[in-house]
Amino acid sequence: IPLVNPKIISHSKETYEAEEACLSHEGCKKTRRYFSIEVEYQDRNFKKQRQTFNGFVAQVIQHEMDHFEGILI
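A brief report on the enclosed structure follows. From a predicted model like this one, the values you see are computed outputs, not experimental measurements. (Residues numbered from 1 in each chain as written. Predicted model: local features only at pLDDT ≥ 70, side-chain atom pairs only at ≥ 80, totals over all residues. Heavy atoms only, no water.)

Locating V4 in the fold gives a position in strand β1 (residues 4-11). The spacing of V4 and Y41 is 37 residues in sequence and 5.6 Å in space, taken between C-alpha atoms. Setting aside anything within four residues of it in sequence, one finds V4 in contact with Y41, Q42, D43 and F46. (Helix = DSSP H or I, 4+ residues; strand = E, 2+ residues; numbered from the N terminus. Contact = heavy atoms within 4.5 Å.)

Below you can see the structure in the form of structure tokens.
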């Protein structure tokens, strides 16, 4: 799902520890992730959308959004 200009607008209170790898560097690092996130974004047609993501998909989105902030996990 393409997410243009995504913004996490809410998230679950509960978090979990994950060990993630990244294509940006070798090895793995531990990090904390929210179980559930609500994201506001534009779709491929630049139409505003809002969707809740859970589990692994939420983890991947959080990982990629970390890159926007210069964080390499």
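A few words on the side chain of E20. For E20, the position within the fold is in strand β2 (residues 15-22). Not counting residues within four places of it along the chain, the set of residues in contact with E20 comprises G27, C28, K29, T31, R33, Q59, H63 and I73.

Bringing the sheet that holds β1 into the picture now. With respect to topology, three strands assemble into an open sheet ordered β1-β4-β5, the strand pairing being antiparallel. Unpaired on one side and paired on the other, β1 and β5 (48-54) mark the two borders of the sheet. Strand-to-strand twist of the sheet, defined as the mean angle between neighbouring strand axes without regard to direction, takes the value 25 degrees. Of the pairings in the sheet, the one linking β1 to strand β4 (residues 36-42) comprises five bridges and is antiparallel in character. Its bridge partner being in β4, S10 is matched across the sheet by E38. Against the sheet, helix α1 (residues 55-68) makes contact with β1, β4 and β5, and its axis sits at roughly 120 degrees relative to β5, the strand it touches most. (Pairing = 2+ DSSP bridges. Axes fitted to C-alpha atoms, helices over the stretch in contact; angles between N-to-C directions.)

Function-wise, these values are silent; they only describe arrangement.
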